[in-house]
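# Observations on the model geometry
As a plain string of letters, each chain reads:
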Amino acid sequence: MSQVEFRNEFDRFMVLQECLSGATNDWIAKTPKDKLDWIPVDNPNVRFGDRVSMVTIKNLYIHMAVEEYHWVRFLKDSENDATLPLPRDPELTAKLANGDFVSEAARLHEDSVRTLRGYTDDQLRKTIRFAERTWTVMGFLWALYAHRAYHLGNIDIYLRQSNTPAPNFFHFSVPAIA
């Protein structure tokens with residue numbers, strides 16, 4: 001891939017990631033306060049490892065914010081062929097859980113976007129190891145996007161199970177008629 005193609009891919013990622021982040025915020029805004037910590041189904045299969053073992057809309061939102069924040073920093077500063085650690089940060093997770101988690105997550109996201117905008121082409125081409133695979137940093141950024149999309153789908157299902165209308169993912173504008 002040429003330098004221009006690589007930069008175009010990164011720019012495309014940034015646009016789509018911002019759209020997905022906005023969609024995530026739309027879903028949270030639609031979530032009734034009494035459904036943020038609601039658990040519609042509780043069984044051993046409704047877990048995402050040991051980091052999200054209490055699957056709620058609020059916990060999924062916090063999980064996405066903390067992971068994005070840590071991974072974006074690690075990917076930028078890592079050495080080539082580094083192993084990407086799981087972003088375990090109980091203090092940051094607790095800070096979000098016990099405070100204004102939407103505002104704090106927005107601040108973390110803004111900081112992540114600033115960090116991403118500072119990535120160089122060389123940083124995007126580095127390789128990292130995660131989940132028994134080798135990725136370029138650019139490739140892993142797409143995995144980060146997929147991670148958010150996956151959990152946005154989880155949130156969407158929770159909203160629908162709570163009989164709450166979820167936002168439309170695709171915003172179709174009605175054309176103006178003269």
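A short tour of the structure in this document, coming up.

Conventions used here
Residues numbered from 1 in each chain as written. Predicted model: local features only at pLDDT ≥ 70, side-chain atom pairs only at ≥ 80, totals over all residues. Heavy atoms only, no water. Helix = DSSP H or I, 4+ residues; strand = E, 2+ residues; numbered from the N terminus. Rg over C-alpha atoms; globule rule 2.2 N^0.38 Å. Axes fitted to C-alpha atoms, helices over the stretch in contact; angles between N-to-C directions. Parallel < 35°, antiparallel > 145°, perpendicular 65-115°, else oblique. Contact = heavy atoms within 4.5 Å. Nonpolar A, V, L, I, M, F, W, Y, C, P; charged D, E, K, R; others polar. Buried < 20%, exposed > 50% of the residue type's maximum accessible area, 1.4 Å probe, protein only. Polar contact = N/O pair within 3.5 Å; in protein donor to acceptor, adjacent residues only side chain to side chain. Core = buried A, V, L, I, M, F, W, Y, C linked by side-chain atoms within 4.5 Å. Pairing = 2+ DSSP bridges.

## Remarks on the overall build of the chain
Along the backbone of the chain there are six helices and three strands. N-terminal to C-terminal, the α/β element order of the chain is α-α-β-α-α-α-β-β-α. Its C-alpha radius of gyration of 18 Å places the chain within 12% of the 16 Å reference for a compact globule of 178 residues. Along the first, second and third principal axes, the C-alpha atoms of the chain reach 55 × 50 × 30 Å.

## Some details on the packing of helix H2 (residues 57–77) against helix H6 (residues 137–161)
In contact at an axis separation of 10 Å, H2 and H6 are set at 175° when each is read in the N-to-C sense. Overall, the two elements H2 and H6 adopt an arrangement that is roughly antiparallel. Across the interface between the two elements, Ile 57, Leu 60, Tyr 61, His 63, Met 64, Glu 67, Glu 68, Trp 71, Val 72 and Leu 75 of H2 pack against Val 137, Phe 140, Leu 141, Leu 144, His 147, Arg 148, His 151, Leu 152, Asn 154, Ile 155, Tyr 158 and Leu 159 of H6. Its residues placed into classes, the contact of H2 with H6 shows 15 nonpolar, four polar and three charged.

## Observations concerning the side chain of Ser 21
Relative to the elements of secondary structure, Ser 21 occurs in helix H1 (residues 3–30). Taking the relative accessible area as the measure of exposure, Ser 21 reaches 5% and is therefore buried. Apart from residues lying up to four places away in sequence, Ser 21 is in contact with His 109 and Arg 148.

## Digging into the side chain of Thr 127
On the secondary structure map, Thr 127 appears in strand S2 (residues 127–130). Side chain to side chain, Thr 127 and Asp 81 meet in a polar contact 2.4 Å long.

## Remarks on the nonpolar core
Membership of the largest hydrophobic core comes to 25 residues, with the highest contact counts inside it found for Trp 27, Ile 57 and Leu 96. Of all the secondary-structure elements, those providing two or more residues to this core are H1, H2, helix H3 (90–98), helix H4 (101–117) and H6. Top element by residues in this core is H2. It accounts for eight residues.

## A look at the environment of Val 15
Counting through the fold element by element, Val 15 comes out in helix H1. Val 15 gets classed as exposed once you look at its relative accessible area, which sits at 51%. In the structure, Val 15 is positioned 118 residues away from Arg 133 in sequence and 26 Å away in space, judged by C-alpha atoms.

## Points about the sheet that holds S2
What the three strands build is an open sheet, ordered S1-S2-S3; its pairing is mixed. Of all the strands in the sheet, just strand S1 (82–83) and strand S3 (133–136) have a single pairing partner and so form its edges. Its contacts with the sheet put H6 on S2 and S3, and the angle it makes with S3 is roughly 100°.

## Digging into the pairing of S2
One ladder, built from two bridges, connects S1 with S2; its direction is parallel. Paired with Thr 83 across the bridge in S2 is Arg 129. Examined bridge by bridge, S2 and S3 share four bridges and lie antiparallel to one another. Within S3, the residue paired with Ile 128 across the bridge is Trp 135. Remark: two residues form the turn of the hairpin made by S2 and S3, two consecutive strands paired antiparallel; Ala 131 in that turn has positive phi of roughly 55°.

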